[in-house]
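Coordinate inspection notes
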Amino acid sequence: MRVTRRSRFFDHLRKENRITSAKDGCSGQGVCGACTVEINGSAKLACRTKIKSLEGAEIVTTEGLPERFREVISRSFAHKGAVQCGFCSPGMIMRAKALHNVNPAPSRDEIIKAIKPNLCRCTGYVKIVDAIASAFEELNNDQKVLQKSLAVAGVRNEREVLPKAPSFDGLKSVPTTDASSRLAGVRCSAAVGEPYPKYMAAETALGARDFVDDMRIEGMVHGALRFSDHPRARVVSIDVSEALKSPGVLRIFTAADIPGEHKTGLIVRDWPLMIAEGGITNCLGDVLAGVVAETEAMARVAAQMIKIDCRVLEAVTDMHEAARPGAIEVHSGRSNVLETCSIRSGDADSVFARAAWLSTGIYETQRIEHAFLETETAIAMPEDDGIRLYSQGQGVYVDRKAVSEILGLPAEKVRVIQVQNGGGFGGKEDITVQGHASLFAWHLKRPVKVHLNRDESITMHPKRHPVWMEISLACDRNGKFTALRLNALGDTGAYASVGTKVMERVVGHATGAYSVPVVDIKAVTVYTNNIPSGAMRGFGVPQVTFAVESCIDELCRMGGFDRWQIRYDNSLEDGKRTATGQLLRGVGLKKTLLAVKDAFSMAKFAGLACGIKNTGVGNGMTDDSEVSVEIVSDKKIIVSHGWSEMGQGIHTMAIQVLHHETGIDPAIIEVKVDTGADLPTGMTTSSRATALLGNAIIDASARIREDLAQGSLRQLAGRVYRGRYVCDWTCKPGEKTDDPAIHFAYGYATQVAILNDEGAVRKIIAAHDAGKIMNRMLFEGQIEGAVHMGMGYALTEDLPMENGRPVSLKFNDLGILRADDMPEIEVIGIEEKDPVGPYGAKGIGEIGMVSTAAAIANALCAYDGIRRTKLPLRRRDKS
Ligand code: FES
């Protein structure tokens, strides 16, 4: 491509040329690398490149890569597991291309250095580096073959000796009737447990598969939101008169335009779509109005022209202050204390009085941002007498319910189609722009896209809860834990989101992965005028694990106990009960401890921490899943379900299970998530999708197998098989019952952080009991990505707020670790079968980061003797 006209370069690519492989991850801040392109042979950020510098320049995106490079690198990304959500992948590939131009045989360190400018929030970079190294090796072999052949007399045309390139759609075109496929010499079995490449990974790697912001629909216009200027203020008036005159503006919407419910909420209906005149804002992320215009830029200009007359009110932003009687009420007439969850067993005071050793401390964890690379975007459009919504949210049926309530429509009049999601990690559970896009499209009767830039994304969606914890852990003279007390306070911000559930997990996981006979545990969830807190990977458990694991090392220091042995001696195992009284089965914790024992004991400076994490929401709520399998023909099967694919690989798992159960060729299976299939499903959360969907597919497969025994796939064409799995037997912590089951399953882990002589993290060993490893490559990728997030949580990530405002909205200030910040990660898989999960599988999405921060804190203490009680630890480590 040659640029010869004057325009903004990033817009030129995406909007004028419709080249969408270059992604918008940081809205022009120049820090994420998702828009990397090649300009005159070097890697450049499209968002930071001035158009006037490009006159006559040669520019290459993934669409224009040399055919052989494009084929090899995309296949390598797919087969090495480098693609999770895939939002960063095209930028990474372009970064690799620029490296290949100058150094076709780089060392691993040189690859890491080359991709440093590009962020990935999913993979921990390990498999991206693997994929680039593997692709370069294959390309170099091409060259060797070429040179060898050219040396042979008589060869005149290089093309005659180049290896024949496999077809680009390789994964889908290879017969796999024996449950395996071969592509260019790479074996890829789809059997459960095998490293089958992620669904549509090669296309995703190249940016050839649309995210919502890449989609264009005929007649589509654009919305922009006007956010509050103050965390707490009474809105006196909203004057849109000047904004309406701004070029391209079609209409401006306020709360008065909402035909149905004004508030939504996953647990508590407290979150207004827009604040009306006369209302009070509760946080900076509140929306006061929405502009729809011909272009996004026009809508944004007009949104800033809306004049808001408001009376600024005193806000309550300290969670301790908010919890006090008489505090300013965030929601008028309602206590700021949203919930108090507690469990008690025995008399903790008397046990503490007799304890041989007692560790007591106050531990605090910080608010952090999910930092998914794809910010929130939705497109809504009229469909019949209802609405069609393209969403990247974490639950299409939850989106459908919220939108139907906002519009005052029956649920069946709202159809939600899930578009691949560029990272969620819990931050896309609450609806953000889906409701606004739907409202605007409903009124205008035309397609409307609403896209948040990075500042707006940080301001609007819920964060990880900051938690304050006062904790005491006692043991006897042999190091046996005897009692634990915890008082915890969690800041859920302006809206409930799933804050109560997060703090219930703090309670339920307060004793960590250990058996503690006497407990006195309480967690309070409070409203403040801060940006809301909600779901984030680990869901309260990384917070409390940091506290309890620190206490354990302190007991070791006091009593002279061995840090590994005390954990082994107290660890949960089959037949033991959690702090909530749940009897456990299928516990692989001791195996994870044994797996790291030697490495831990031999390391000069190391920290150790165990983890337990629930699979499934439980707590008295139903966990269920439905699925339908449509036999379209002997060449096409459609699996429909309701879980969001956000990088974790749920579509791939669905294909592998169906193939495993029925023998159906995985290459002919398509996966769809569309509420039109009417398969009501909850939120994709709590590491539960694999267990629930896997069991539902096994249920459907039994009937498919029976029919296949009678006739061929061709003869079954037109049939639809439905499967279902329901878990409705859990209860809330503290509920009076003889045999409480708070969750249907748990996962277990032990992680070790090893430091070098300078006190920097040199290696993380992550031993995880996954029950059954459904796909070894995706399993490793999940753990490596979680360790990356856990390391950031431990060391650098933070989103501090002052008076209800983020101190910084710069993406770079969030502290996300880059490729050269990462140490070696060794993942060890343990398979201790769970009684409920398919083939014994347990959730792995969240537990990967549960113990990382605690292990690093303990390692640092082992290094310098300083007990750190606050995250982040603020050591920018370099190995
Ligand atoms: Fe890199 Fe998701 S795969 S950001």
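Note that the coordinates shown come from a computational prediction; the quantities given were computed from them, not determined experimentally.

Mapped onto the elements, Glu504 comes out in helix α15 (residues 499-508). Setting aside chain neighbours within four positions, we find Glu504 in contact with Glu339, Cys341, Asn619 and Lys732.

What follows covers the sheet that holds strand β19 (residues 467-475). Overall, mixed pairing links the five strands, which are arranged β13-β21-β20-β19-β14 in an open sheet. Two strands bound the open sheet, and with one partner strand each, they are β13 (337-345) and β14 (357-365). Pairs of neighbouring strands in the sheet enclose a mean axial angle of 5°, with direction left out of account. Relative to strand β21 (residues 518-527), strand β20 (residues 481-493) runs parallel, the two sharing ten bridges. Paired with Arg485 across the bridge in β21 is Asp520.

Now for the nonpolar core. Grouped together as the largest cluster of nonpolar side chains are 143 residues, with contacts concentrated most on Phe77, Leu486 and Ile856. The greatest single-element share of this core, amounting to nine residues, is contributed by helix α21 (residues 776-795). Apart from the residues lying within four places of it in its own chain, the contact partners of Ile856 are Ala753, Val761, Ile764, Met791, Ala794, Leu795 and Leu873.

Reading across the sheet, the four strands line up as β25-β24-β23-β26 and stay open at both edges, with mixed pairing between neighbours. At either margin of the open sheet sits one strand with a lone partner, and together these are β25 (669-672) and β26 (720-727). Direction aside, the axes of adjacent strands within the sheet are offset by 20° on average. The sheet contact formed by strand β23 (residues 623-633) and β26 spans eight bridges and is antiparallel.

Attention now goes to the pairing of strand β17 (residues 414-418). Judged by how many residues are buried, β17 sits mostly within the fold: four of five residues are covered. Across five bridges, the pairing between strand β16 (residues 386-391) and β17 is parallel. Residue Ile387 lies in a different strand from β17, and its bridge partner there is Val414.

On to helix α4 (residues 108-115), then. Here α4 has its buried residues at Ile111, Ile112, Ala114 and Ile115. Taken around the axis of α4, the buried residues stretch over an arc of 160°, which confines them to a single face. Opposite its buried face, α4 presents the exposed residues Asp109 and Lys113, each directed more than 90 degrees away. On the buried face of α4, the contacting elements are α3 (89-102) and α5 (126-151).

For the rest of this paragraph, the subject is the packing of α4 against α5. Two elements in contact, α4 and α5, have axes whose closest approach is 10 Å; the angle formed by their N-to-C orientations is 115°. For the crossing formed where α4 meets α5, the hand is right-handed. In this structure, α4 uses Arg108, Ile111, Ile112 and Ile115 to contact α5, whose residues at the interface are Val126, Ile128, Val129, Asp130, Ile132 and Ala133.

A few words now on helix α13 (residues 434-444). A large share of α13 lies buried, amounting to nine of its eleven residues. Listed in full, the buried residues belonging to α13 are Gln434, Gly435, His436, Ala437, Ser438, Leu439, Phe440, Ala441 and Trp442. A positive backbone phi angle near 55° is found at Lys445, which sits one or two residues after α13.

Right, let's talk about the pattern of salt bridges for a bit. Close approach of charged atoms allows side chains of opposite charge to pair. This structure, assessed with the given rule, holds 65 salt bridges. For Lys463, the salt bridge goes to Glu369, with nearest N and O atoms at 3.1 Å. Placement of the pair is Lys463 in the loop between α14 (454-460) and β19 and Glu369 in the loop between β14 and β15 (377-383), with a sequence separation of 94 residues. Take Lys463: its relative accessible area is 0%, and that puts it in the buried class. Residues joined in a network through salt bridges with shared partners are Arg14, Lys23, Asp213, Asp214 and Lys449.

Applying the stated criterion to the full structure yields zero disulfides. Here Cys475 is not disulfide-linked; the sulfur of Cys556 is the nearest cysteine sulfur, at 8.0 Å. When its relative accessible area of 0% is taken as the criterion, Cys475 is described as buried.

By the element assignment, Gln751 lies in strand β27 (residues 745-755). With relative accessibility at 0%, the residue Gln751 sits in the buried group. In this structure Gln751 touches Gly607, Leu608, Ala609, Ile764, Ile765, Ala766, His768, Val787, Gly848, Ser851, Thr852 and Ala855, once residues within four positions along its chain are discounted. Among the polar contacts made by the side chain of Gln751, one reaches the side chain of Thr852 at a distance of 2.7 Å.

This part covers the packing of α3 against α4. Between two packed helices, both the angle of their axes relative to each other and the distance between the axes serve to describe the pair. Where α3 contacts α4, the axes come no closer than 9 Å and their chain directions differ by 125°. Taken together, the axes of α3 and α4 lie oblique to each other. Here α3 runs over α4; the crossing is right-handed. Across the interface between the two elements, Met92, Arg95 and Leu99 of α3 pack against Glu110, Ile111, Ala114 and Ile115 of α4. Taken together, the residues of the contact of α3 with α4 break down into five nonpolar, no polar and two charged.

What follows deals with the packing of aromatic side chains. According to the stated counting rule, one finds seven aromatic pairs in the structure shown. Here the aromatic rings of Phe87 and Phe211 are separated by 4.9 Å at their centres, their planes lie at 75°, and the arrangement is edge-to-face. With Phe87 in the loop between α2 (67-79) and α3 and Phe211 in the loop between α7 (201-205) and β6 (221-227), the pair connects residues that are 124 residues apart, well separated along the chain. Relative accessible area serves as the criterion here: at 5%, Phe87 is assigned to the buried category. Centroid distance Phe481 to Tyr514: 5.6 Å. Interplanar angle 90°. Geometry classified as edge-to-face. Of this pair, Phe481 sits in strand β20 while Tyr514 is found in the loop between α15 and β21, placing the two residues 33 residues apart along the sequence. Of the residues examined, Phe481 reaches a relative accessible area of 4% and is grouped as buried.

A few words on the pairing of β23. Both faces of the sheet carry side chains from a regular strand, because those side chains alternate between them. Within β23, eight of the eleven residues are buried, leaving the element largely enclosed by the surrounding structure. Judged from the five bridges that link them, β23 and strand β24 (residues 636-640) form a sheet pairing that is antiparallel. Across the sheet, residue Ser633 finds its bridge partner in β24, namely Lys636. In sequence, β23 turns back onto β24 through a hairpin of two residues.

Turning our eyes to something else, we now look at the environment of Gly28. With respect to the secondary-structure elements, Gly28 resides in the loop between α1 (9-16) and β1 (36-39). You can call Gly28 partly exposed: its relative accessible area is 26%. Measuring from C-alpha to C-alpha, the distance between Gly28 and Asn453 comes to 9.2 Å, with 425 residues separating the pair along the chain. With residues near it in sequence (within four places) discarded, Gly28 still touches Cys47 and Arg48.

This next bit is on unusual backbone geometry. Leu871 connects to Pro872 through a cis peptide bond whose omega is -5°. Secondary-structure assignment places Pro872 in the segment after α22 (852-864). You will see that Lys445, though not glycine, has its phi angle at about 55°, which is positive. As for its position among the elements, Lys445 is in the loop between α13 and β18 (448-451). Residue Ser497 is not a glycine yet carries a positive backbone phi of 45°.

Quick look at the confidence of the model for the protein now. Mean pLDDT over the protein works out to 93, with 95% of the residues at or above the 70 mark. Contacts for the low-pLDDT stretch residues 1-6, under 50 throughout, to residues beyond four places or in other chains number 24 contacts. Counted against residues more than four places away or in other chains, residues 875-879, with its pLDDT under 50, gives 25 contacts.

Conventions adopted
Residues numbered from 1 in each chain as written. Predicted model: local features only at pLDDT ≥ 70, side-chain atom pairs only at ≥ 80, totals over all residues. Heavy atoms only, no water. Helix = DSSP H or I, 4+ residues; strand = E, 2+ residues; numbered from the N terminus. Contact = heavy atoms within 4.5 Å. Pairing = 2+ DSSP bridges. Axes fitted to C-alpha atoms, helices over the stretch in contact; angles between N-to-C directions. Core = buried A, V, L, I, M, F, W, Y, C linked by side-chain atoms within 4.5 Å. Buried < 20%, exposed > 50% of the residue type's maximum accessible area, 1.4 Å probe, protein only. Arc of directions from axis to C-beta. Left-handed = near helix turned anticlockwise from the far one by under 90°. Salt bridge = Lys/Arg side-chain N within 4 Å of Asp/Glu carboxyl O. Disulfide = S-S within 2.5 Å. Polar contact = N/O pair within 3.5 Å; in protein donor to acceptor, adjacent residues only side chain to side chain. Parallel < 35°, antiparallel > 145°, perpendicular 65-115°, else oblique. Nonpolar A, V, L, I, M, F, W, Y, C, P; charged D, E, K, R; others polar. Phe/Tyr/Trp six-rings, centres within 6.5 Å; stacked < 30°, edge-to-face > 60°. pLDDT = per-residue confidence, 0-100.

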